Amino acid sequence: MNAKSIALQTNTSTALKALIVLAPLSYWIFTTFIQPISPFYKDYEAEITYFMNSLVIFKGESYYYLDHPGTPVEIIGSVVLGFFYIFSGQSADEFIQSQLRNPEPFFVVVHIILTATSIFCALHLYNTAVSISSKEPSDLLLAAAISLLYFAIHPLAFSTLTLWHHAAFNFPFGTLYLTVLLKLSQTKEDIPSSTIILLGLGAGFLTATMIYFAVWVVSSIIFIIVFYKTRKVNTTKTNNSILKLGTFSLLGFAMAMLPAANRIPYFIGWILNLIFHQGTYGGGEVGIISLVNLWVNFLNILSSMPAFSIFIFCALLLFTQTAIKNKGQFQKAPGTWALAISLIIQIFILLALNLKHPDSNTFFVNRYLLPIAATIPILTFLVTQLAKDNFPTLYTLSKYTTILFVLIGCFYFFIISVNDYNKKSEYISKSVQESSHVIEKYAQETNRPVKQINVLWTYETFSNCYSLWFGNELSGIIFSKEVKNICRQENALNIWNRGVIIDEKFINVENTQWDLIFTRKLLLDEYPFLAEMGTVKEYLPLSSSDFDRYGSFIVIIHKPD
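Read on for an overview of the structure. (Residues numbered from 1 in each chain as written. Predicted model: local features only at pLDDT ≥ 70, side-chain atom pairs only at ≥ 80, totals over all residues. Heavy atoms only, no water.)

### Some thoughts on the overall build of the chain
Across its full length, the chain holds 20 helices and seven strands. In terms of overall size, the chain behaves like a compact globule, its C-alpha atoms giving a radius of gyration of 26 Å where 561 residues would be expected to give roughly 24 Å. Counting over 561 residues, the chain shows a buried share of 54%. About 24,600 Å² of surface is accessible on the chain, with carbon and sulfur atoms providing 63% of the total. (Helix = DSSP H or I, 4+ residues; strand = E, 2+ residues; numbered from the N terminus. Rg over C-alpha atoms; globule rule 2.2 N^0.38 Å. Buried < 20%, exposed > 50% of the residue type's maximum accessible area, 1.4 Å probe, protein only. Areas by Shrake-Rupley, 256 points an atom, 1.4 Å probe, with all protein chains shown as cover.)

### Quick look at the pairing of strand β3 (residues 499-502)
Examined bridge by bridge, strand β2 (residues 490-494) and β3 share two bridges and lie antiparallel to one another. Within β3, the residue paired with Asn494 across the bridge is Gly499. Between the antiparallel neighbours β2 and β3 lie four residues, among them Arg498 with a positive phi of about 60°. Between β3 and strand β4 (residues 505-508), which follow one another and run antiparallel, lie two residues, and Asp503 among them has a positive phi close to 50°. (Pairing = 2+ DSSP bridges.)

### A closer look at the pairing of strand β7 (residues 553-558)
Within β7, five of the six residues are buried, leaving the element largely enclosed by the surrounding structure. The sheet contact formed by strand β5 (residues 516-520) and β7 spans five bridges and is antiparallel. Residue Phe518 lies in a different strand from β7, and its bridge partner there is Val555.

### Focus on the side chain of Ser138
On the secondary structure map, Ser138 appears in helix α6 (residues 137-153). Among residues more than four places away in sequence, those in contact with Ser138 are Lys399, Tyr400 and Ile403. (Contact = heavy atoms within 4.5 Å.)

### A short note on the pattern of salt bridges
Pairing between side chains of opposite charge can happen when their charged atoms approach one another. Tallying each qualifying case throughout the model produces 10 salt bridges. Across the salt bridge formed by Arg448 and Asp515, the nearest N and O atoms sit 2.9 Å from each other. Taken together, the positions of Arg448 in the loop between α17 (392-445) and β1 (455-457) and Asp515 in the loop between β4 and β5 put the pair 67 residues apart, joining distant regions of the chain. (Salt bridge = Lys/Arg side-chain N within 4 Å of Asp/Glu carboxyl O.)

### Here's the deal with a nonpolar patch on the surface
Together, Ile268, Leu272, Ile275, Phe276, Ile288 and Ile289 make up an exposed nonpolar region whose accessible area comes to about 520 Å². With respect to the element layout, Leu272 can be found in helix α11 (residues 264-276). (Patch = residues over 30% accessible without salt bridge, like charges linked within 9 Å, V, L, I, M, F, W, Y side chains within 5 Å.)

### A closer look at the sheet that holds β2
The strand order across the open sheet built from seven strands is β4-β3-β2-β1-β5-β7-β6, with neighbouring strands paired in mixed fashion. Sheet topology places β4 and β6 (534-540) at the edges, where each strand pairs with a single neighbour. Here the average twist between neighbouring strands, direction ignored, is 35°. Sheet topology note: the β1/β5 ladder contains three bridges and is parallel. Within the sheet, the bridge partner assigned to Val455 lies in β5 and is Leu516. Most of the contacts of α17 go to β6, to which it runs at about 135°, and overall it touches β1, β5, β6 and β7. (Axes fitted to C-alpha atoms, helices over the stretch in contact; angles between N-to-C directions.)

### Describing the state of the cysteines
Applying the stated criterion to the full structure yields one disulfide. With a sulfur-sulfur separation of 2.1 Å, Cys465 is cross-linked through a disulfide to Cys487. Negative torsions about the S-S bond denote left-handed disulfides, and the value of about -95° found for Cys465 with Cys487 makes this one left-handed. Here Cys487 lies in the loop between α19 (480-486) and β2 and Cys465 lies in helix α18 (residues 464-473), a separation of 22 residues in the sequence. The exposure class assigned to Cys465 is buried, which follows from its relative accessible area of 4%. Residue classification places Cys487 among the buried residues on the basis of a relative accessible area of 1%. In this model Cys121 remains outside any disulfide bridge; the closest cysteine sulfur is found in Cys410, 14 Å from its own. Judged by its relative accessible area of 12%, Cys410 falls in the buried class. (Disulfide = S-S within 2.5 Å.)

### Structural notes on unusual backbone geometry
A cis amide bond links His68 to the next residue, Pro69, at an omega of -5°. Positioned with a positive phi, Glu460 is a non-glycine residue whose angle comes to about 70°. Looking at Glu460, the relative accessible area reads 13%, which means it is buried.

### A few points about α6
Helix length check: α6, at 17 residues, gives a terminal C-alpha distance of 23 Å against a target of 24 Å (1.5 Å per residue), a fit within 8%. With respect to burial, α6 is a largely interior element, 15 of its 17 residues being buried. (Expected span 1.5 Å × (residues − 1).)

### Structural notes on the nonpolar core
Ranked by size, the top nonpolar core spans 94 residues in total, and within it Phe151, Tyr177, Phe308 and Ile376 carry the most contacts. Residues in contact with Ile376, not counting those within four places in the same chain, are Leu149, Ile153, Phe308, Phe311, Ile312 and Ile347. In this structure, Met52, Tyr63, Phe267 and Trp270 belong to the second largest nonpolar core, which totals 81 residues. (Core = buried A, V, L, I, M, F, W, Y, C linked by side-chain atoms within 4.5 Å.)

### Examining the packing of aromatic side chains
Enumeration according to the criterion identifies 39 aromatic pairs in this entry. Aromatic side chains Tyr44 and Phe462 sit 6.2 Å apart centroid to centroid with 75° between the ring planes, which places their arrangement in the edge-to-face category. Of the two residues, Tyr44 sits in the loop between α1 (3-34) and α2 (47-55) while Phe462 sits in the loop between β1 and α18, which places them 418 residues apart along the sequence. Across the pair, Phe462 and Tyr44 agree in class, each one buried. Relative to Phe151, the ring of Tyr150 lies with its centre 5.4 Å away and its plane at 85°, an arrangement referred to as edge-to-face. Like Phe151, Tyr150 is buried. An aromatic cluster is built from Tyr44, Tyr427, Trp457, Tyr459, Phe462, Tyr466, Phe470, Trp496, Phe518, Tyr539, Tyr550 and Phe553, whose rings are joined through pairwise contacts. If you follow Arg263 out to its NZ or CZ, it ends over the ring of Tyr64, 3.7 Å from the centre. Above the plane of the ring of Tyr266 lies Arg263, whose end atom (NZ or CZ) is 4.2 Å from the centre. (Phe/Tyr/Trp six-rings, centres within 6.5 Å; stacked < 30°, edge-to-face > 60°. Lys NZ or Arg CZ within 6 Å of the ring centre and 35° of its normal.)

Below, the structure written as structure tokens:
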């Protein structure tokens, strides 16, 4: 190869790396500087919950929120807060109060972490793909497309860059783990014992982040079995490697769960409910699975994610054709075949988990498909490489189709994500303004100062105070005093137990003093007791949609005794 060709490859690769960085960075810049949503509570159910649980260690308590279980998210948050604390010059109590009053800096930092690690993962995947394939310009383009495929195939991918939540870890850590496996799959040697230990610990930490990552442990074990069997590695070594990976996965999981050890019985109960109930979050009818729900949820996935479904089908079809042509003989590229097989099984297991727990809300259907989206880039690259030697024409077609798909998909979902972000920004701002007007008008009508109006907020309303009370409840209600200092006349009404937190315990709403309850139309329909509590008025019409299924904003005005 002459110097001119080398220079061309170098320049092309540099330009592609810049493009890879630009895609996720542009979304972060837009949401952080160009069109920031000023209320920190825009995603309070996800972000405030993890933020306040990360803060509990400054009270000497262990993590309380353990639904996914999510402890690594809380640990990283505590580390970030620890750095803030070192430079704050405040006592622990003062620091907690100041963080609850102004959590925005925390979210800026963790969003930078998510964006930076996502860029790192994308670049590492690109470099790994380039090291495996040729350095031809079209192959460099394919490697770049593979590194951005996650953002082109899932409508929520860009939004996870600025969402501090366990689901946001799918690409920067889940795909990164699979990229390590991709690199290992190309070796002609046995996987070193130290590497298997690190893989196990990593998979364990991932599982502690989100229980779906347990499938990463399963697929890693399958990869080792197929890889070693194809290479005719002796059974004893294979078994030892599997045992080591499984053992250190459990160890990694246990280490990540230590800060929430006293809540492990709750977590076990949550897992059992998920397994033996047919609804979402461990609810619904008793039973492992319903064939009706299975079929309905399958149709939901196809209808809500058609391009996603078609892409997976095409990848599986190409793999099947290549496997048939090779007649099951995988010795030529044992690692590539082994990893492809393990990832296909991984996708089927993840799909089965999604089919078990149906949800009528497209947003949640899509969110729990993110682990599959995080798997697809690696599988796509493997399948194209397998097709390269077996179906040259089909390889060329799939290569350029993938490149075109990523170009269109990234642009389309970037625009969609920005539009959804703007739409959410507008309606949150409007709801906050309108609810303030309602409080002011009520104060005028009753001839009382605004600061003396007792307000209750329910789930899916937007308020600084509701988000803090919500996070307090999911942190074991240990911040009640601090939140009360900020929200003296505002509190949260838990619609599920009809309780309001007073002095670190729930009191039935009927035994509390309140003037206004802010809620949503859907909740009013699902919880009739709300309408019985006072005069119901709609103050901000909003039709139900996939973007927000809760409908109009409602205020309930207390009836004079």
